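Here's the letter readout for the chains.
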Amino acid sequence: MSRTRDRGKALARWLGTGLLGLLLLPVSLSLEVSVGKATTIYAVNGTEILLPCTFSSCFGFEDLRFWWSYNSSDTSRILIDGTVKNEKSDPKLKLKDDDRITLVGTTKEKKNNISILLRDLEFSDSGKYTCHVRNPKEKDLEHQATIILQVVDKKECLVSSSGNDNTENGLPGSKAEEKPPTKV
């Protein structure tokens, strides 16, 4: 009799642990943030680059907060900070640190795109760019993805970035593009 009772307790413990795991799994895997396949991208000084960022959520979102931060060896700052009310509205910026930065993403039609365009690149723009997302529907858990930007001279770019493409998430212009030469 005691053997049957022990099996019953063991089964109850196993089921309880399994069910608890199933309940916790969606919370830990529900929000995902991506900056594309390439972890480092190269762009020519004086050009522009699209820094991609998309997110997905199993639970949907409401009053989602997002921000982009920049870190180099001697500087750390928040570039933009914004919110998205829901899946039917576009992102709204609360803070923009630099006029050269434009939010180009949209969250309508399930694109969930909060990418930024950085214009008139300077060598000092080289560094780590991190896209952060926090969803209140997911107990305000913060998720992030980082991409490294290396601003190079035109000569370096011809050698270093040939074939460097970060357009796998359908974000045209993620590849460094040169400006056309000025006509005299």
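The rules behind each value
Residues numbered from 1 in each chain as written. Predicted model: local features only at pLDDT ≥ 70, side-chain atom pairs only at ≥ 80, totals over all residues. Heavy atoms only, no water. Helix = DSSP H or I, 4+ residues; strand = E, 2+ residues; numbered from the N terminus. Contact = heavy atoms within 4.5 Å. Core = buried A, V, L, I, M, F, W, Y, C linked by side-chain atoms within 4.5 Å. Buried < 20%, exposed > 50% of the residue type's maximum accessible area, 1.4 Å probe, protein only. Phe/Tyr/Trp six-rings, centres within 6.5 Å; stacked < 30°, edge-to-face > 60°. Lys NZ or Arg CZ within 6 Å of the ring centre and 35° of its normal. 1 Å grid on protein atoms, 1.4 Å probe; cavity = no way out; pocket = protein on both sides within 12 Å on 5 of 7 lines; lining within 4 Å. Points joined across faces, edges and corners; volume = space filled by probe spheres on them. Nonpolar A, V, L, I, M, F, W, Y, C, P; charged D, E, K, R; others polar. Pairing = 2+ DSSP bridges. Axes fitted to C-alpha atoms, helices over the stretch in contact; angles between N-to-C directions. Disulfide = S-S within 2.5 Å. Salt bridge = Lys/Arg side-chain N within 4 Å of Asp/Glu carboxyl O.

Caption draft 1: Structural view of the side chain of Asn112. Note on placement: Asn112 falls in the loop between β8 (101–103) and β9 (116–118). Those residues within four positions of Asn112 in sequence are excluded, and the remaining contacts are Cys53, Thr54, Phe55, Ser56, Phe61, Thr106 and Thr107.

Caption draft 2: Quick look at the nonpolar core. Trp68, Tyr129, Val133 and Leu149 are the most contacted members of the largest nonpolar core, which has 31 residues in total. With residues near it in sequence (within four places) discarded, Leu149 still touches Ile41, Ala43, Ile49, Leu118, Leu121, Asp125, Ser126, Gly127 and Tyr129.

Caption draft 3: Structural context of the packing of aromatic side chains. According to the stated counting rule, one finds 2 aromatic pairs in the structure shown. Here Phe55 and Phe61 contribute two aromatic rings whose centre-to-centre distance is 5.3 Å and whose plane-to-plane angle is 70°, an arrangement assigned as edge-to-face. Look at Phe61 and you get buried, because its relative accessible area is 3%. When the ring centre of Trp67 is taken as origin, the NZ or CZ atom of Arg65, which lies over that ring, is 3.9 Å away.

Caption draft 4: Spotlight on empty space enclosed by the protein. With the rule as written, the count across this model stands at 1 cavity of 30 Å³ or more. Approximately 40 Å³ is the volume attributed to the largest cavity. Tyr70, Arg77, Leu79, Asp98, Arg100, Ile101, Leu118, Asp125 and Tyr129 together form the lining of the largest cavity. Across the lining of the largest cavity, the residue classes break down as 5 nonpolar, no polar and 4 charged.

Caption draft 5: Highlighting the sheet that holds strand β7 (residues 92–96). Taken together, the 6 strands give an open sheet; going across it, the order is β2-β11-β10-β5-β6-β7, and neighbouring strands pair in mixed fashion. Of all strands in the sheet, those bounded by a partner on one side alone are β2 (40–44) and β7. Neighbour to neighbour, the strand axes of the sheet diverge by 20° on average, direction disregarded. Sheet topology places strand β6 (residues 76–84) next to β7; 4 bridges connect them, and they run antiparallel.

Caption draft 6: Layout of the state of the cysteines. One pass over the full model with this rule turns up 1 disulfide. A sulfur-sulfur distance of 2.0 Å marks the disulfide that ties Cys53 to Cys131. Its torsion about the S-S bond being -75°, the disulfide of Cys53 and Cys131 is classed as left-handed. Of this pair, Cys53 sits in the loop between β3 (49–51) and β4 (54–57) while Cys131 sits in strand β10 (residues 127–135), and the two are 78 residues apart along the sequence.

Caption draft 7: Here's a closer look at the sheet that holds β9. Across the sheet, 3 strands lie side by side as β3-β9-β8; this open sheet has antiparallel pairing. Each end of this open sheet is capped by a strand with a single partner; those strands are β3 and β8. If you compare each strand with its neighbour and ignore which way they point, the axes differ by 25° on average.

Caption draft 8: Molecular detail of the pairing of strand β5 (residues 64–71). Along β5, 6 of the 8 residues are buried, which leaves the element largely enclosed by surrounding structure. The pairing of β5 with β6 spans 8 bridges and is classified as antiparallel. In the strand pairing of β6, Trp68 is matched with Ile80. Linkage of β5 to β6, two consecutive antiparallel strands, is achieved through a turn of 4 residues. Both β5 and β10 contribute to a ladder of 7 bridges, which runs antiparallel. Among the inter-strand pairings, Trp68 is bridged to a residue of β10, identified as Cys131.

Caption draft 9: Main features of the pattern of salt bridges. Scanning all chains against the criterion turns up 5 salt bridges. Among the salt bridges present, the one from Arg77 reaches Asp97, with a minimum N-O distance of 2.6 Å. In this pair, Arg77 sits in strand β6 while Asp97 sits in the loop between β7 and β8, placing the two residues 20 residues apart along the sequence. The class for Arg77 is partly exposed, based on a relative accessible area of 29%. Several salt bridges share partner residues, and in doing so they unite Asp98, Arg100 and Asp125 into one network.

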